[in-house]
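So you can see what is in the structure, the chains are spelled out below.
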Amino acid sequence: IVATIATGQGAAVIPQGKDREEERKHLFARLLQGKPVIVIDNIENPLQSDILCAILTTQLYSDRILGKTETVEVPTNVTILATGNNLTFIGDITRRVLLSSIDPVMERPDSRADFEISNLEQWVFDHRGRLIRAGLTILKAYHEAGRPKQPIEPFGSFEEWSDWVRSALVWLGCEDPLKTRLKIE
């Protein structure tokens, strides 16, 4: 859904790598393709990744192309999402994670059929322009209000996102997205 709103198409979905090398190959391949949204899907093991940490906090990432001695540098202007049940994070990745949870309030959510919007993906695609306008309207209103300083702690390595998106949400009256990290650390 996030990718559909942002790009008009689905995200690049990759599995959690069995080891560091496999993870590096999956992530670097998607960066080489220029995918704007990457989903690490159905994570079953604790997420701990120096490679992912580097990608999330640098503007450029350099690595070797598979099967060659050539090194390539690629931009890291990408949104990386991770999905799974009862996710756990280890190490430095914890400071780079915002948590989003869905509680279906039922034992077998895969059997649920009483959704208000029966085909969410299609609905989002059909209403994408309206959703983008709504997001941009929030940012524009915050900017036109003079980007008033919000009572929030700095978010090191993500200052620009924090100054624009996070501050605009808090200014609007939403909960600070960084508070979700309290459930992780």
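So, here's what we can say about the structure. Everything numeric here is computed off the predicted structure, so don't read it as measured data. (Residues numbered from 1 in each chain as written. Predicted model: local features only at pLDDT ≥ 70, side-chain atom pairs only at ≥ 80, totals over all residues. Heavy atoms only, no water.)

## Here we look at the pattern of salt bridges
This is how the line gets drawn: What makes a salt bridge here is a side-chain nitrogen of Lys or Arg within 4 Å of a carboxyl oxygen of Asp or Glu, nothing more. Elements are defined by DSSP. Helices are runs of H or I of four residues or more, strands are runs of E of two residues or more, and each kind is numbered from the N terminus. Accessibility here uses a 1.4 Å probe with only protein chains present; expressed as a share of the type maximum, an area under 20% marks a residue as buried, one over 50% as exposed, and anything in between as partly exposed.
Considering all chains together, one arrives at ten salt bridges under this definition. The salt bridge partner of Asp50 is Arg20, with a shortest N-O separation of 2.7 Å. Taken together, the residues Asp50 in helix α3 (residues 50-57) and Arg20 in helix α2 (residues 20-33) connect sequence positions 30 residues apart. On the accessibility criterion, Asp50 (44% relative accessible area) is partly exposed. When its relative accessible area of 46% is taken as the criterion, Arg20 is described as partly exposed. With a closest N to O distance of 2.5 Å, Arg24 and Glu21 form a salt bridge. With Arg24 and Glu21 both in helix α2 and three residues apart, the pair spans about one turn of that helix. In this structure Arg24 comes out as buried when scored by relative accessible area, which is 9%. Each of Glu21, Arg24 and Asp63 takes part in a single network of salt bridges with overlapping partners.

## Re unusual backbone geometry
Although it is not a glycine, Val105 adopts a positive phi angle of roughly 55°. Tracing the backbone shows Val105 in the loop between β5 (79-82) and α4 (120-126). Exposure remark for Val105: the relative accessible area of 73% places this residue in the exposed category. Residue Ser157 is not a glycine yet carries a positive backbone phi of 80°.

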